[in-house]
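# Notes for the structure review
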Amino acid sequence: MQDGPSTLSLIAAAFYALVLAASLLACRTGQVQRQHGWQVASWAAVAVFFLVLIVSRIFNVEEALRADLREWLQLQDLREGRRSYQGVIIAIVLALFAALGLYTAYHVSRRMSGRRNIAVAVAIASCGVMVAVIAMRSISLHAMDTLLYGPLKLNWTGDLGASAVVLGAAVYYTLLLKGRIASRR
């Protein structure tokens, strides 16, 4: 494990800080414009989520977790045979995230309308995607590495892509409330 954050981690933390600022602005604008409490609380939760991500990147929390997992596997004499069960664990986690995501998307899409509500829902869903990517990185000691770190770089694509969607949703929500995006006719 390296002593400090890598350059890429610092770049990600800086991007997270931008998303954090946009989320806080959306939260504050929602308060000022007297929007539904759940919207304001959701933007605050998204901001806290990105604050945690910034701290995690700067202090290498995810890498420390991976190192601890490797050490535990080594102590339990499970590291050599990890490929036999790691694929099953990853498949179960992916299936759970997919099922939860589909279930939530179905129920939210049937009950939610309005551009402000949808912007908040998209931001929350994108945070869920980030949690899934982080979970995959944490439990992947080899089996998913080709997908996560290979030519497609799903690790960074999922992470920064989901962050960009949250940023876009926060900016859209703020501009919508400030009247800078025309209402539908």
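Above: the structure in question.
## Here's the deal with the nonpolar core
Membership of the largest hydrophobic core comes to 27 residues, with the highest contact counts inside it found for Tyr16, Trp43, Val46, Phe50, Met130, Val166 and Tyr173. With eight residues, the top contributor of residues to this core is helix H1 (residues 7-32). Once residues within four sequence positions are removed from consideration, tyrosine 173 is found in contact with Ala26, Gly30, Gln35, Gln39, Trp43, Arg116, Ala119 and Val120.

## Let's talk about the packing of helix H2 (residues 37-58) against helix H5 (residues 115-139)
Two numbers describe how H2 lies on H5: the axes approach to 10 Å, and their chain directions differ by 25°. It follows that H2 is roughly parallel to H5 by the angle criterion. Note that H2 runs across H5; the crossing there is left-handed. Side by side, H2 and H5 meet where Trp38, Gln39, Ser42, Trp43, Val46, Phe49, Phe50, Leu53 and Arg57 of the first sit next to Arg116, Asn117, Ala119, Val120, Ala123, Ile124, Cys127, Met130, Val131, Ile134 and Arg137 of the second. Classifying every residue of the contact of H2 with H5 gives 14 nonpolar, three polar and three charged.

## Quick notes on a nonpolar patch on the surface
Nonpolar side chains collect at one region of the surface, where Leu10, Leu51, Val55, Ile58, Phe59 and Val61 lie side by side and expose about 530 Å² of accessible area between them. The element that contributes the greatest number of residues to the nonpolar patch is H2, accounting for three residues. Note that leucine 10 resides in helix H1.

## Topic: the packing of aromatic side chains
Under the criterion given, the structure shown has three aromatic pairs. Geometrically, the ring pair formed by tryptophan 43 and tyrosine 173 is tilted, given 5.4 Å between the ring centres and 50° between the ring planes. Within this pair, whereas tryptophan 43 is found in helix H2, its partner tyrosine 173 is found in helix H7 (residues 154-177), the two being separated by 130 residues in sequence. Taking relative accessible area as the criterion, tryptophan 43 reaches 0% and is therefore assigned buried.

## Re H1
Here H1 spans 37 Å end to end across 26 residues, near enough to the 38 Å set by a 1.5 Å rise per residue. Just downstream of H1, arginine 34 is the residue with a positive phi angle, here 55°.

## A short note on the pattern of salt bridges
Evaluated as defined, the whole model comprises one salt bridge. A salt bridge links aspartate 159 to arginine 57, with the shortest nitrogen-to-oxygen separation between them at 2.8 Å. One end of the pair, aspartate 159, is in helix H7; the other, arginine 57, is in helix H2, and 102 residues separate them in sequence. Across the pair, arginine 57 and aspartate 159 agree in class, each one buried.

## Quick word on the packing of H1 against H2
Where H1 contacts H2, the axes come no closer than 8 Å and their chain directions differ by 165°. The orientation of H1 with respect to H2, classified from their angle, is roughly antiparallel. Two packed elements cross with a definite hand, and for H1 against H2 that hand is left-handed. A per-class count over the contact of H1 with H2 returns 19 nonpolar, four polar and one charged.

## Notes on unusual backbone geometry
Even without being glycine, arginine 34 reaches a positive phi, approximately 55°. Of note, arginine 34 is situated in the loop between H1 and H2. Residue asparagine 60 is not a glycine yet carries a positive backbone phi of 55°. When you line up the elements, asparagine 60 lands in the loop between H2 and helix H3 (61-75).

## Some details on H2
With 22 residues, H2 extends 32 Å between its outermost C-alpha atoms, agreeing within 8% with the 32 Å of an ideal straight helix rising 1.5 Å per residue. Within H2, burial applies to Gln39, Val40, Ser42, Trp43, Val46, Ala47, Phe50, Leu53, Ile54, Ser56 and Arg57. Directly after H2, the chain includes asparagine 60, whose backbone phi takes a positive value near 55°.

Rules of the game
- Residues numbered from 1 in each chain as written.
- Predicted model: local features only at pLDDT ≥ 70, side-chain atom pairs only at ≥ 80, totals over all residues.
- Heavy atoms only, no water.
- Core = buried A, V, L, I, M, F, W, Y, C linked by side-chain atoms within 4.5 Å.
- Buried < 20%, exposed > 50% of the residue type's maximum accessible area, 1.4 Å probe, protein only.
- Helix = DSSP H or I, 4+ residues; strand = E, 2+ residues; numbered from the N terminus.
- Contact = heavy atoms within 4.5 Å.
- Axes fitted to C-alpha atoms, helices over the stretch in contact; angles between N-to-C directions.
- Parallel < 35°, antiparallel > 145°, perpendicular 65-115°, else oblique.
- Left-handed = near helix turned anticlockwise from the far one by under 90°.
- Nonpolar A, V, L, I, M, F, W, Y, C, P; charged D, E, K, R; others polar.
- Patch = residues over 30% accessible without salt bridge, like charges linked within 9 Å, V, L, I, M, F, W, Y side chains within 5 Å.
- Areas by Shrake-Rupley, 256 points an atom, 1.4 Å probe, with all protein chains shown as cover.
- Salt bridge = Lys/Arg side-chain N within 4 Å of Asp/Glu carboxyl O.
- Phe/Tyr/Trp six-rings, centres within 6.5 Å; stacked < 30°, edge-to-face > 60°.
- Expected span 1.5 Å × (residues − 1).

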